[in-house]
4 protein chains.
Amino acid sequence: MPKTLISGKNIYYEVYGEGEPLVLLNGIMMSTLSWKAFINAFSKNNKLILIDFIDQGQSDKSEKLYTHDLHVETIKGLLDYLHIKKVHLAGVSYGAAVAMKFALSHQNRLLTLSLANATSYTTYMLKDIGQSWINASKTYDGATFFKATIPTIYSVKFYEKNIEWLRNREKLFSQVFTKEWYDGFIRLVKSAESLNITDELYKIKVPTMIIGSEYDLVTPIDYQQEIYNGIENSRFTIIKDAGHASMYEKPHEFISIITGFISTYNEKLKIL
Amino acid sequence: MPKTLISGKNIYYEVYGEGEPLVLLNGIMMSTLSWKAFINAFSKNNKLILIDFIDQGQSDKSEKLYTHDLHVETIKGLLDYLHIKKVHLAGVSYGAAVAMKFALSHQNRLLTLSLANATSYTTYMLKDIGQSWINASKTYDGATFFKATIPTIYSVKFYEKNIEWLRNREKLFSQVFTKEWYDGFIRLVKSAESLNITDELYKIKVPTMIIGSEYDLVTPIDYQQEIYNGIENSRFTIIKDAGHASMYEKPHEFISIITGFISTYNEKLKIL
Amino acid sequence: MPKTLISGKNIYYEVYGEGEPLVLLNGIMMSTLSWKAFINAFSKNNKLILIDFIDQGQSDKSEKLYTHDLHVETIKGLLDYLHIKKVHLAGVSYGAAVAMKFALSHQNRLLTLSLANATSYTTYMLKDIGQSWINASKTYDGATFFKATIPTIYSVKFYEKNIEWLRNREKLFSQVFTKEWYDGFIRLVKSAESLNITDELYKIKVPTMIIGSEYDLVTPIDYQQEIYNGIENSRFTIIKDAGHASMYEKPHEFISIITGFISTYNEKLKIL
Amino acid sequence: MPKTLISGKNIYYEVYGEGEPLVLLNGIMMSTLSWKAFINAFSKNNKLILIDFIDQGQSDKSEKLYTHDLHVETIKGLLDYLHIKKVHLAGVSYGAAVAMKFALSHQNRLLTLSLANATSYTTYMLKDIGQSWINASKTYDGATFFKATIPTIYSVKFYEKNIEWLRNREKLFSQVFTKEWYDGFIRLVKSAESLNITDELYKIKVPTMIIGSEYDLVTPIDYQQEIYNGIENSRFTIIKDAGHASMYEKPHEFISIITGFISTYNEKLKIL
């Protein structure tokens, strides 16, 4: 699969299918690999583009600290390189913050915006949680990292039901995550610390779908309510019975809402 | 637009577009006319079929009382008449109850089931609310009927924001609803009194999307939770900031979830 | 039990026990009689005062329309007559609105304020619900009135569990409610139509406890959130698993919160 | 203040006031010191007893691992020593679990039970969160411990509003918590790992008040719903706008509910 050089960094991306382009932006611990089960669904009617942010997956690592803006420029660079004018942009958690920042600086490149389990503001609480993740990362120990990050990512019901799968994930962490990966993860966490765009959201005018989860402990529904209040005419749906990682817990609901939204966003629905 | 004779009654229906068939079932006060704004969205990738139940819109009136089963046979009759084998069946409130009953008796005719603002059981509370609606109907007075039925149908926010539109609706009620209409409405209310299929829901095996509304006072989310508990692997989404009449309050969310679901229902999403 | 003449009307009231005075204000359908089961609990450490508003219970009827202000003056008159300087004032629903209006005009007479299932604003929705109650009242028929008013007053669970008790209440309505009662009830409903004190709530400085119910359909928790936002340092608790008539559904929770609050309201709790 | 020897360990306790005895049980990070601001309110009408569990505050440390049962015996020993037959028992989080275990083995010693922010079952998620707390404890570093434990303990709103107080707490952690303290904390966390009494709750017959918090991320309201389902005729209230540490965030609501409950628990409230 291809990489391209953007601002001096090799950026890994994948492209599938044909149709109005849809770019999916990873959550902070994810990579293009995380979307494997979703590729078929999202590329059936759209040209699906997956991308590893700098410090994620197969893209280059960074030598210094940055903010979400670095990824905004990566996305813009990739769209230019692929000669794509306008896209549906969908992001999960960290990726949703990048998506909003992209909308604020390159709105003319967007058809729609889909924001899952998002916040427009890194609260002190999120900053401190981030610091606890950094502290765990610095042990470079998979089990320590897992215990510090994963329990609040899922709903209780999911956690209880899938404890064996989670235990296997924990082992996988120890095998897969290298010192390099942890150092990249730390930079990603730090890049989110200064996020504070709540007061700018009113500038976003593209059709926007906001997705929350009933049991999201990391970014509870109140966070998305702020985004909903900020973006005019935004749409707001909740996935029942799911935690922060809604795409993993409730993949069918996740793809239903997003594929339905990007195929109907320009319908005139004159009810009143 | 066409009618056809089913079990001795003229049934009014409408057909639009091409693709996997999608049948939309009306709520109790609705008719095919209520879907006007949605026709384009739902017929873009599907053959859309709208239908007036007996005692609704342009279909014949009934001479006697009945249950949801009458409509189940109407739907089956129409599908046979149109030589349609399998459909996506989506229903709103009363229509969702009919959809579930259809699933229990003719599951082989279904691709999927979408249930918006539904209950699987007419509680004593709903029975008594129904009786208050019947009492108001028997005045044959539009304003009295409006005040007895509409205030709990919408969310407070919607009601406050759209009070002028609601006042116009109230006037419309007085102009449009005839004695015949009210008598039909009374029979429709009575037809729901005996509904009690919660314990049978486990028999439904087709992919099912359940849609609730945050501020549904008539069938609060707890009612749909019962359905979710009953139907294996059902999906469950909530439309934020909407009351019972979610399709009117939040039409974009409504069509996003349903069109997305019926276009992705058979995706294998192996996450775990 | 005693009555006294206030502004030319006989006002019925009851007094029990000794201690800091506590005045309980009735909901719209209630009377002093409704508090029978609560008298012991509320008079153990307090001088409990019950009162029938004009058009309620054994107080005189009104000849003309009025607003909550009429009851405010009734309460003030009674306190003056009884030579009581300061009271704990607690109100349920309609009575909570009267309590807030009393606080706005006679704050120096209050020790604390307890507001259960309250709204500070009669929304269009509540106005229309009120009109449907008036319409049902004008039939002077107990069963019609019951069906129009009671189903949304309780939680579904309570309604299902206590349907026999509710059926007995329905019969009682037919026996007890006279034409005079219904005409008084209509005036009470109309008296609430103009309520709109949300923007004045900031003036209330007495310790205030706000009580909502999880399943309140008439005045959902969002209404009390407005009051909480308006009254500085107000306290806010929710009774789980109860509808609008929280004092009937969950009497133990109701008395725990109120008696606990009025016995500890002046504690300095310096935590931070 | 006094200590007494129970099963070979010095147990620190404090006694204030006169009346029906009330024993308050600490949360896992707390000690008798944490109740300082509450002493006046809780001792006004009751003999208030505070106690440091083994491995808390000024009580002895343990040399080995244990379960909640160790504290149950400590409580019983103290009550015997003080010649107290029956008490109101109230616990917060970890202390609420101890309280339930006490009720299961020494129910005859209880007047009432108050359970704030409780769980009856240590889920895998809670176990893993506990392990992350243990991992942070083993660094013996106050800032690391703070970041790993505190952010999910409070509501977002509280955290944002009181960030300076929290930063001071963080510094305090570094000054106050010794290696001995952390080792005790680790044993306390481990003592909760095997908790699983959901199926035994039905045996608890004393009047019980359950208190949850709207924004409790550690033990969300669903956990208390299980307890409510299990204990017959238990009462259930929610403190709005608070996180897991409800007693710190909303002290007035906390004391209102508990003092009101223990002063009215034996009221017969015959409504139906």
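Since this is a predicted model, take the numbers as computed values, not measurements.

The rules behind each value
Residues numbered from 1 in each chain as written. Chains lettered and ligands numbered in written order. Predicted model: local features only at pLDDT ≥ 70, side-chain atom pairs only at ≥ 80, totals over all residues. Heavy atoms only, no water. Helix = DSSP H or I, 4+ residues; strand = E, 2+ residues; numbered from the N terminus. Rg over C-alpha atoms; globule rule 2.2 N^0.38 Å. Buried < 20%, exposed > 50% of the residue type's maximum accessible area, 1.4 Å probe, protein only. Contact = heavy atoms within 4.5 Å. Areas by Shrake-Rupley, 256 points an atom, 1.4 Å probe, with all protein chains shown as cover. Lys, Arg positive; Asp, Glu negative; His and termini not counted. Charge placed at Lys NZ, Arg CZ, Asp CG, Glu CD. Buried area = accessible area lost by both parts, 1.4 Å probe. Salt bridge = Lys/Arg side-chain N within 4 Å of Asp/Glu carboxyl O. Polar contact = N/O pair within 3.5 Å; in protein donor to acceptor, adjacent residues only side chain to side chain. Pairing = 2+ DSSP bridges. Least-squares fit on C-alpha atoms with pLDDT ≥ 70 in both. Right-handed = clockwise from strand over helix to strand, strands pointing away. Core = buried A, V, L, I, M, F, W, Y, C linked by side-chain atoms within 4.5 Å.

K.L.:
Can you walk me through the overall build of chain A in this structure?
P.N.:
Secondary structure assignment for chain A yields 11 helices and 8 strands. On C-alpha atoms alone, chain A measures out to a radius of gyration of 18 Å, which is about the 19 Å that the 2.2 N^0.38 rule sets for 272 residues. Here the C-alpha coordinates of chain A stretch approximately 55 × 40 × 35 Å along the principal axes. Looking at chain A as a whole, 66% of its 272 residues qualify as buried. Once local pairs closer than 6 in sequence are excluded, the contacts in chain A between residues at least 24 apart make up 74%. A total accessible area of about 10,000 Å² is found for chain A, and carbon and sulfur atoms account for 52% of it. For chain A, the distance from the average site of its 30 positive side-chain charges to the average site of its 29 negative ones is 3 Å.

K.L.:
Can you help me understand the interface of chain B and chain A in this one?
P.N.:
Across the contact, 41 residues belong to chain B and 41 residues belong to chain A. Here chain B meets chain A over a buried area of about 3,600 Å², counting both sides, of which 60% is carbon and sulfur. Among the residues of chain B in contact with chain A, Lys240, Leu269 and Ile271 of chain B are the three that bury the most area, contributing 19% of the side total. For the pair chain B and chain A, the number of links is 2 salt bridges. A salt bridge links Lys44 of chain A to Glu267 of chain B; the shortest N-O distance between them is 3.8 Å. Our count for the contact surface shared by chain B and chain A stands at 21 residue pairs in polar contact (both at pLDDT 80 or more). Mapped by element, the contributors of at least two residues to the side of chain B that touches chain A are helix H1 (39-43), helix H9 (221-230), strand E8 (235-239), helix H10 (246-249) and helix H11 (251-264) of chain B. Looking at the side of chain B that touches chain A element by element, the count peaks at 11 residues for H11 of chain B. Alignment of strand E8 (residues 235-239) of chain A against E8 of chain B, held across 3 bridges, turns out to be antiparallel.

K.L.:
Got a minute to help me understand helix H5 (residues 142-149) of chain C in this structure?
P.N.:
Counting along an α-helix, one turn takes 3.6 residues, and residues three or four places apart therefore face a common direction. In terms of burial, H5 of chain C is a largely internal element, 6 of the 8 residues being buried. Those residues of H5 of chain C hidden inside the fold are in contact with helix H4 (124-137) of chain B together with helix H4 (124-137), helix H6 (156-161), helix H7 (163-176) and helix H8 (179-191) of chain C.

K.L.:
Just checking my understanding: could you explain the pattern of salt bridges for this structure?
P.N.:
All names here are of chain A. By the definition in use, this model includes 64 salt bridges over all chains. Glu63 is the partner of Lys9 in a salt bridge, and the nearest nitrogen-oxygen pair spans 2.5 Å. Placement of the pair is Lys9 in strand E2 (residues 9-16) and Glu63 in the loop between strand E4 (46-51) and helix H2 (68-81), with a sequence separation of 54 residues. Classification of Lys9 as buried rests on a relative accessible area of 14%. A salt bridge links Lys203 to Glu200; its shortest N-O distance comes to 3.7 Å. For Glu200, a relative accessible area of 30% puts it in the partly exposed group.

K.L.:
Is there a simple way to think about the interface of chain C and chain B in this case?
P.N.:
Often the size quoted for an interface is simply the accessible area lost on bringing the parts together. Between chain C and chain B, the contact holds 26 residues from the first and 26 residues from the second. For the pair chain C and chain B, the summed buried area comes to about 2,300 Å², and 68% of that belongs to carbon and sulfur atoms. Our count for the chain C to chain B interface comes out at 2 salt bridges. Residue Arg167 of chain C is joined to Asp128 of chain B by a salt bridge in which the shortest nitrogen-to-oxygen separation is 2.8 Å. Between chain C and chain B we count 10 residue pairs in polar contact (both at pLDDT 80 or more) in total. Breaking the side of chain C that touches chain B down by element, the ones donating at least two residues are H4, H5, H6, H7 and helix H9 (221-230) of chain C.

K.L.:
Explain the relation of the copies chain C and chain B here, please?
P.N.:
Under the fitted operation, chain C is carried onto chain B by 0.0 Å of movement along the axis and a turn of 180°, and the coordinates agree to an RMSD of 0.0 Å. The symmetry that links the two subunits is that of a two-fold axis. For chain C, the smallest separation between a C-alpha atom and the rotation axis is recorded for Leu217 of chain C, amounting to 3.0 Å. The share of interface residues of chain C whose copies in chain B are also at the interface is 100%, consistent with both copies meeting through the same surface.

K.L.:
Mind showing me how you'd approach the pairing of strand E8 (residues 235-239) of chain D here?
P.N.:
Successive side chains on a regular strand alternate, one facing one side of the sheet and the next facing the other. Residue and element names in this part refer to chain D. For E8, the tally of buried residues reaches 5 of 5 residues, placing the bulk of the element in the interior. Both strand E7 (residues 208-213) and E8 contribute to a ladder of 5 bridges, which runs parallel. Across the sheet, the residue bridging to Met209 is Arg235, located in E8. The β-α-β motif built from E7, the intervening helix H9 (residues 221-230) and the parallel element E8 has right-handed crossover chirality.

K.L.:
Looking at this structure, I do not really get the side chain of Ser234 of chain C. What am I missing?
P.N.:
Within the secondary structure, Ser234 of chain C is located in the loop between H9 and strand E8 (235-239). A polar atom in the side chain of Ser234 of chain C sits 3.3 Å from the backbone oxygen of Tyr228 of chain C. Not counting residues up to four positions away in its chain, the partners in contact with Ser234 of chain C are Thr208, Ile210, Ile227 and Tyr228 of chain C together with Glu253 of chain D.

K.L.:
How do you make sense of the nonpolar core when you look at a structure like this?
P.N.:
Nonpolar side chains tend to gather and get buried jointly when the protein is soluble and globular. Core analysis: the biggest nonpolar cluster contains 393 residues, and Phe254 of chain A, Phe254 of chain B, Phe254 of chain C together with Phe254 of chain D have the highest contact counts within it. Those residues in contact with Phe254 of chain D, other than ones at most four positions away along the chain, are Trp35, Phe38, Phe42, Val92, Ala116, Ile239, Ser246 and Met247 of chain D.

K.L.:
When you look at the environment of Thr152 of chain B in this model, what are you seeing that I'm missing?
P.N.:
With respect to the helices and strands, Thr152 of chain B occurs in the loop between helix H5 (142-149) and helix H6 (156-161). In this structure, the C-alpha to C-alpha distance between Thr152 of chain B and Met29 of chain B, residues 123 residues apart in sequence, is 14 Å.

K.L.:
What is the right way to read the arrangement of the chains from this model?
P.N.:
In this structure chain A stays clear of chain C, and the shortest span between their C-alpha atoms is 14 Å. One finds no contact linking chain B with chain D; the least C-alpha distance across the pair is 14 Å.

Take it as geometry only, folks, not as evidence of what the structure does.
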